[in-house]
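Examination of the molecular architecture
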Amino acid sequence: MTPNLTYVIVVGVLVAAGVTLLLERSLTRVLMGVILLGNGANLLLLTGGRAGGAPIVGSTPQEEMSDPLPQAMILTAIVITLGMTAFLLALAYRSWHLNGHDEVQDDVEDRRIMELAERDEGPDGADSSDGDDDDDDDTQTDNERPLAATADAGRAG
């Protein structure tokens, strides 16, 4: 069975719009993206099934029966989409209640780790530990300073 071209185009539009909305920072738009992506997945599963009679043994000849697996998978996908929708709705409500908006903020710790990783890379994108050590070894990090101070205090006494 070949799928209808209209179904294929609608699936493509739903999935593309869903992914685009998932990449936004507003939780309301992320919620709409999950819903559109879920509906696109359901329609894609629907196009994979064969049309026919009810899959009940004895009521329809076996060669004319429809495939019940896509229907079961669509029901499972509906439940998963409903659960994700409820979770994202609760997150958006809580964010709106606490902050007055539902926009996801940048994580300060992630930004700090990214800056440390960029500083460790060399000018060509490679590690700076390729032999030409500048003054990276001379500077002590916050974690090394207490150890150095303890070692110096132990030698002085």
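Bear in mind that the values here come from a model prediction, so they are computed numbers and not experimental data.

1. Overview of the overall build of the protein
Across its full length, the protein holds 5 helices and 0 strands. Relative to its 157 residues, the protein shows a buried fraction of 18%. Excluding contacts between residues fewer than 6 apart, the proportion of contacts in the protein whose partners are at least 24 apart in sequence is 46%. A total of about 12,000 Å² of accessible surface is found on the protein, and carbon and sulfur atoms cover 60% of it.

2. Points about helix H3 (residues 69-99)
The end-to-end C-alpha distance of H3 is 44 Å, a good match for the 45 Å that 31 residues give at a rise of 1.5 Å each. Within H3 the residues assigned to the buried category are Pro70, Ile74, Ala77, Thr81, Thr85, Leu88, Ala92 and Ser95. The elements touched by buried residues of H3 are helix H2 (27-47). Looking at the residues trailing H3, positive phi occurs at Gly100, about 85°.

3. A look at the side chain of Ser66
The residue Ser66 is located in the loop between H2 and H3 in this model. We classify Ser66 as buried; its relative accessible area is 9%.

4. Concerning the packing of H2 against H3
Interaxial distance between H2 and H3 falls to 9 Å at its minimum, and their mutual angle equals 180°. Comparing their axes, H3 and H2 come out roughly antiparallel. Here the residues of the contact of H2 with H3 sort into 17 nonpolar, 5 polar and no charged.

5. A few points about the pattern of salt bridges
Under the counting rule described, the total for this entry stands at 2 salt bridges. One salt bridge connects Arg29 with Glu24, and the closest N-O pair in it is separated by 3.6 Å. We note a salt bridge from Glu109 to Arg112, for which the minimum N-O separation is 2.7 Å. Here Arg112 and Glu109 lie together in helix H4 (residues 108-120), a separation of 3 residues that amounts to about one turn.

6. With respect to the side chain of Asp102
Within the secondary structure, Asp102 sits in the loop between H3 and H4. Buried charge without a salt bridge: Asp102, with Arg29 as the nearest opposite-charge side chain at an N-O distance of 8.0 Å. A distance of 3.2 Å separates the side chain of Asp102 from the side chain of Ser26, its partner in a polar contact. Within the structure, Asp102 has its side chain in polar contact with the side chain of Thr28 (distance 2.3 Å). Dropping the residues within four chain positions of it, Asp102 is found in contact with Arg25, Ser26, Leu27, Thr28, Ala92, Ser95 and Trp96.

Conventions adopted
Residues numbered from 1 in each chain as written. Predicted model: local features only at pLDDT ≥ 70, side-chain atom pairs only at ≥ 80, totals over all residues. Heavy atoms only, no water. Helix = DSSP H or I, 4+ residues; strand = E, 2+ residues; numbered from the N terminus. Buried < 20%, exposed > 50% of the residue type's maximum accessible area, 1.4 Å probe, protein only. Contact = heavy atoms within 4.5 Å. Areas by Shrake-Rupley, 256 points an atom, 1.4 Å probe, with all protein chains shown as cover. Expected span 1.5 Å × (residues − 1). Axes fitted to C-alpha atoms, helices over the stretch in contact; angles between N-to-C directions. Parallel < 35°, antiparallel > 145°, perpendicular 65-115°, else oblique. Nonpolar A, V, L, I, M, F, W, Y, C, P; charged D, E, K, R; others polar. Salt bridge = Lys/Arg side-chain N within 4 Å of Asp/Glu carboxyl O. Lys, Arg positive; Asp, Glu negative; His and termini not counted. Polar contact = N/O pair within 3.5 Å; in protein donor to acceptor, adjacent residues only side chain to side chain.

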